[in-house]
Structures are given as C-alpha cells and as structure tokens.
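So you can see what is in the structure, the chains are spelled out below.
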Amino acid sequence: AQSVTQPDIHITVSEGASLELRCNYSYGATPYLFWYVQSPGQGLQLLLKYFSGDTLVQGIKGFEAEFKRSQSSFNLRKPSVHWSDAAEYFCAVGAQIDDYKLSFGAGTTVTVRA
Amino acid sequence: KAGVTQTPRYLIKTRGQQVTLSCSPISGHRSVSWYQQTPGQGLQFLFEYFSETQRNKGNFPGRFSGRQFSNSRSEMNVSTLELGDSALYLCASSESTTSGGADEQFFGPGTRLTVL
C-alpha cells in the first residue's frame, strides 16, 4: 500500500539555525511530491513541488527540498529559520496509480525558539 | 484573484443532524477537492469534483457526499452526524484538467465542524 511517513512529530529549532524535515514515501513508481505548511487556524500553503527533472527544488520562503529516489525521500530544508516559520509542515504525495489523489504525512510541528 | 473561500468557518451541530459546507474555488479553477483533518487521522482525502462530476473518492462512508455546480462551486454534505465527524474540513481547488494530485492545489481556510 502507498504511504507517506514523516518520522518527526515535533522539532524545536533556534531562530537562525538550519532546519531539515524528513519525508519518506512508499509508492510503486515515482510520485508527485509536495510540501505544504499550515499555520494555526489556516489552510495549507504550498511551499514547493517535485514532478520531474532537477532533484533539488526551490520553493517559497527560502525553503528547498531534495528528491532522492534511492532513499524514497523528499526532505525539506531551510538554511536559517525565522520565528515566522513556526507552523505545521506536511509532506504530500500523488501518483497516477491513485488517480493523483493526495496522500499526506502525519505532519511535523516546528517550534522556533528565540 | 481571490483565494479559495469556505463557508461557514465554524459550525456546531449535534449527533444525528446533517450539515452542508460550501466551497468557492479560485476563479477559473474547475477541480475542487475536499479533505478531512483530525488530530488522530491527519489529513484524509474525501473526494474530488471536476466539471460537476465526482472524479475521485476516498474511503469514507456514504454519509459523506458532495456536488459541484456549473460555476465550479462545491458543497459537501454529511448526514447523520457522529461525534467522530468533528474535524477541520478543507477544500482545495486546482486549474488543470488532470486529476487533483498532479497539479498544485490551493487550499481554503477550512470549516471547523464540532459535533456535540
């Protein structure tokens, strides 16, 4: 069965420090990969997406993600975190085998300390 | 362009009642998807509508239904509400003709449903 795993439920990081959020997927073929962010009381906002091509993807708000086929991973990174990055982050996957329905990971909550 | 709007933002119902939630997609977007978000189950896909037709469906009971109108606005209905239906219901729209997940989906702020 297809699945998306975000191993870290909660991460605390100091402002200005780097951030890496992990995402692993289990799909029969290369899926379409997304990272979304959700602030409290808000909907989801797309940070970046990977369909094909360059495996290092740049997104909004200074985020980037790297697709590693051999590890079935799509980890999200930011070199220097700002207090406004405190939010919940979701990795999502869609694949043709599933008619491109989005499957979401459980989410990682990021807390930023001053 | 205006973003995805959902009404109402908050709703309180009692068990056994039914509820209708509304979603207005971004102008020009023809695909509307619905998701349920709960602390225990996370984000789960409910269904997707495209050109007034249900194109994809998740694993939810028949109490959950939806429809889409000719102007792409969508409604979802939950009948015979249960306590476990308490959740944030998110609507997302996309513009492409391919089925939802392959295209960027723009999410609304959600409707918070509480079932007492």
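Definitions and limits used
Position labels on residues start from 1 in each chain and follow its written sequence. Chain letters and ligand numbers both follow the written order, the letters beginning at A and the numbers at 1. Totals for whole chains, interfaces and linings use all residues, but because this is a predicted model, local features are given only for residues with pLDDT of at least 70 and pairs of side-chain atoms are given and counted only at 80 or more. No hydrogens and no water enter the side-chain calculation; it runs on all heavy atoms of the structure. Should any heavy atoms of two residues lie within 4.5 Å, those residues are considered in contact. The term buried area refers to how much accessible surface (probe radius 1.4 Å) is lost by two components on association, counted for both of them together. For salt bridges, the criterion is a side-chain nitrogen of Lys or Arg within 4 Å of an Asp or Glu carboxyl oxygen. Here a polar contact means two N or O atoms within 3.5 Å. Within protein one must be a hydrogen donor candidate and the other an acceptor candidate, and residues neighboring in sequence count only if both atoms are side-chain atoms. Numbering of helices and strands starts at the N terminus; helices are DSSP runs of H or I of at least 4 residues and strands are runs of E of at least 2. With a 1 Å grid laid over protein atoms only, a set of points is called a cavity when a 1.4 Å probe fits there but cannot get out and a pocket when it is open yet has protein on both sides within 12 Å along at least five of seven lines; lining residues have an atom within 4 Å of a point. Grid points are joined across faces, edges and corners, and a volume is the space filled by probe spheres set on the points. Throughout this entry, Asp, Glu, Lys and Arg are counted as charged residues, while Ala, Val, Leu, Ile, Met, Phe, Trp, Tyr, Cys and Pro are counted as nonpolar. The remaining residues, Gly among them, count as polar. Strand pairing is assigned whenever DSSP detects at least two bridges linking the two strands. To get an axis, fit a line to the C-alpha atoms, keeping to the stretch in contact for a helix; angles then go from 0 to 180 degrees between the N-to-C directions. Between buried and exposed lies partly exposed: a residue is buried under 20% and exposed over 50% of the maximum accessible area for its type, with that area taken using a 1.4 Å probe on protein chains only. Two rings from Phe, Tyr or Trp (for Trp, the six-membered ring) form a pair when their centres are within 6.5 Å of each other. A pair whose planes differ by under 30 degrees is stacked, one over 60 is edge-to-face, and the rest are tilted.

K.L.:
Would you mind going over the interface of chain B and chain A with me for this structure?
P.N.:
Accessible area lost when the parts come together is the quantity often used to give the size of an interface. Taken together, the contact between chain B and chain A spans 19 residues of the former and 18 residues of the latter. In total, chain B and chain A occlude about 1500 Å² of area from one another, counting both sides; carbon and sulfur atoms represent 58% of this. For the interface between chain B and chain A, the tally reads one salt bridge. A salt bridge links E104 of chain B to K49 of chain A; the shortest N-O distance between them is 3.7 Å. Connecting chain B to chain A are two residue pairs in polar contact (both at pLDDT 80 or more). Mapped onto the side of chain B that touches chain A, the elements with two or more residues apiece are β4 (31-38), β5 (42-50), β6 (53-57) and β9 (87-94) of chain B.

K.L.:
Quick question: what am I supposed to make of the layout of surface pockets here?
P.N.:
Rolled over the atoms, a probe sized like a water molecule indicates the empty space that remains. As a volume, the largest pocket reaches approximately 810 Å³. Along the wall of the largest pocket there are 33 residues; nearest its centre are F104 of chain A together with Q41, G42, L43 and Q44 of chain B. Going through the elements one at a time, β10 (87-94) and β11 (103-104) of chain A together with β4 and β5 of chain B are the ones with two or more residues in the lining of the largest pocket. A total of four residues in the lining of the largest pocket trace back to one element, the largest contributor, which is β5 of chain B. Within the lining of the largest pocket, the residues separate by chemical class into twelve nonpolar, 15 polar and six charged.

K.L.:
Sorry if this is basic, but what is going on with the sheet that holds strand β3 (residues 19-24) of chain B here?
P.N.:
Pairing between the strands of a sheet comes from backbone hydrogen bonds, and it takes one of two forms, parallel or antiparallel. Residue and element names in this part refer to chain B. Read from one edge to the other, the open sheet built from four strands follows the order β1-β3-β8-β7, with strand pairing classed as antiparallel. This sheet does not close on itself; its edge strands, each paired only once, are β1 (5-7) and β7 (64-68). Strand-to-strand, the axes of this sheet are offset by a mean angle of 20 degrees, without reference to chain direction. As paired elements, β1 and β3 share three bridges and run antiparallel to each other. Paired with T7 across the strands is S22, a residue of β3.

K.L.:
What's the story with the environment of L88 of chain B in this structure? I'm lost.
P.N.:
Position of L88 of chain B among the secondary structure elements: in strand β9. Between the C-alpha atom of L88 of chain B and that of R112 of chain B, which follows or precedes it by 24 residues, the distance is 4.4 Å. Not counting residues up to four positions away in its chain, the partners in contact with L88 of chain B are Q38 of chain A together with Y35, Q36, Q37, P109, G110, T111 and R112 of chain B.

K.L.:
What is the right way to read the pattern of salt bridges from this model?
P.N.:
Should their charged atoms come close, side chains of opposite charge can pair. Summed over all chains, the structure comprises ten salt bridges over all chains. Linking R22 of chain A and D8 of chain A is a salt bridge whose minimum nitrogen-to-oxygen distance equals 2.9 Å. Here the residue R22 of chain A occupies a position in the loop between β3 (19-21) and β4 (24-26), and D8 of chain A occupies one in the loop between β1 (3-5) and β2 (10-14), the gap between them amounting to 14 residues. Among the residues examined, D8 of chain A registers a relative accessible area of 18% and is labelled buried. Close ionic contact of E75 of chain B with R73 of chain B constitutes a salt bridge, the shortest N to O distance being 3.3 Å. Among the charged side chains, a salt-bridge network with shared partners connects E64, E66 and R77 of chain A.

K.L.:
Is there a simple way to think about the packing of aromatic side chains in this case?
P.N.:
Two aromatic rings, taken as a pair, are described by how far apart their centres are and by the angle between their planes. All names here are of chain A. Tallying each qualifying case throughout the model produces 16 aromatic pairs over all chains. A ring pair is formed by F63 and Y89, whose centres lie 5.6 Å apart and whose planes are at 50 degrees; its orientation type is tilted. With F63 in the loop between β7 (56-58) and β8 (64-68) and Y89 in strand β10, the pair connects residues that are 26 residues apart, well separated along the chain. F63 sits in the buried class, given a relative accessible area of 1%. Assessed through its relative accessible area of 1%, Y89 is described here as buried.

Keep in mind that these numbers describe shape and distance, not what the molecule does.
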